[in-house]
Amino acid sequence: KGNWAFAYGQLQQPGGKALDATFFTDKGYKEQAAEGLFDHNFQALLQKKKGRWVIVERALGCTDVCWANWLGRKGVPADIFPQ
């Protein structure tokens, strides 16, 4: 909507195979996966700047509504997010 977009999808390997969360070695993803706290999704808030989409916020493997705190960002239309 305008210069804002929300993306939500499933992480996968080339060829469509499900991504093993232990693939990630940083930010504690491997430990989260071991505890069952990693989902195979991604969420991103994008803003168009100078004709190009730029990732403003992102969340990987979130098991909750990680985008909820993005609602309050100045200028972001609330209706781009799932209801």
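Placed above this text is the structure.
None of the values given here were measured: they were computed from a predicted structure.

(A) Just the overall build of the chain, in detail. Helices and strands together make up the secondary structure of the chain, namely 1 helix and 3 strands. With 83 residues in all, the chain has 29% of them scored as buried. Within the chain, residue pairs in contact and separated by at least 24 positions form 52% of the contacts whose partners lie at least 6 positions apart. Surface accessibility of the chain: about 5800 Å² in total, with carbon and sulfur atoms responsible for 51%.

(B) Geometry of the pattern of salt bridges. Evaluation of the coordinates by the stated rule reveals 2 salt bridges. With a closest N to O distance of 2.7 Å, Lys-1 and Asp-79 form a salt bridge. Separated by 78 residues along the polypeptide, Lys-1 in the segment before strand E1 (4–10) and Asp-79 in the segment after strand E3 (52–60) bring together distant segments of the chain. We classify Asp-79 as partly exposed; its relative accessible area is 49%. Close ionic contact of Glu-57 with Arg-73 constitutes a salt bridge, the shortest N to O distance being 2.7 Å. Of the two residues, Glu-57 sits in strand E3 while Arg-73 sits in the segment after E3, which places them 16 residues apart along the sequence. For Arg-73, a relative accessible area of 32% puts it in the partly exposed group.

(C) Focus on the sheet that holds E3. As summarised here, the arrangement of the 3 strands in space is E1-E2-E3, forming an open sheet in which the pairing is antiparallel. Two strands close off the open sheet at either side, each with one partner strand: E1 and E3. Taking the axes of each pair of neighbouring strands and ignoring which way they run, one obtains an average angle of 25° across the sheet. Of the pairings in the sheet, the one linking E1 to strand E2 (residues 41–49) comprises 7 bridges and is antiparallel in character. Paired with Trp-4 across the strands is Gln-47, a residue of E2.

(D) Representation of the pairing of E3. Judged from the 8 bridges that link them, E2 and E3 form a sheet pairing that is antiparallel. Its bridge partner being in E3, Leu-45 is matched across the sheet by Glu-57. Between the end of E2 and the start of E3, which pair antiparallel, lie 2 residues, with Lys-50 showing a positive phi angle near 55°.

(E) Spotlight on the environment of Trp-70. On the secondary structure map, Trp-70 appears in the segment after E3. By relative accessible area, which is 4% here, Trp-70 ends up buried. As a C-alpha pair, Trp-70 and Glu-57 span 13 residues in sequence and 7.9 Å in three-dimensional space. Contact partners of Trp-70, with chain neighbours within four places excluded, come to Phe-6, Gln-43, Ala-44, Leu-45, Glu-57, Arg-58, Ala-59, Val-76 and Phe-81.

Conventions and cut-offs
Note on numbering: residues in each chain are counted from 1, in written sequence order. In keeping with the predicted nature of the model, local features appear solely for residues at pLDDT of at least 70, side-chain atom pairs appear and are counted solely at 80 or more, and the whole-chain, interface and lining totals rest on all residues. Only hydrogens and water are set aside when side-chain values are computed; all heavy atoms of the structure are taken into account. Put simply, DSSP marks the helices as runs of H or I at least four residues long and the strands as runs of E at least two long, and each gets a number from the N terminus on. Note on exposure labels: buried denotes an accessible area under 20% of the residue type's maximum, exposed denotes more than 50%, and partly exposed covers the range between, all computed with a 1.4 Å probe on protein chains only. Only heavy atoms matter for contacts: two residues are in contact if any of them lie within 4.5 Å across the pair. Shrake-Rupley sampling with a 1.4 Å probe provides the accessible areas, and residues are treated as covered by the protein chains on show and by no other component. For this analysis, a salt bridge means a side-chain nitrogen from Lys or Arg found within 4 Å of a carboxyl oxygen belonging to Asp or Glu. The pairing criterion for strands is at least two bridges between them, as found by DSSP. As a rule, the C-alpha atoms of each element are fitted with a line to give its axis, helices using only the stretch in contact, and angles between N-to-C directions run from 0 to 180 degrees.

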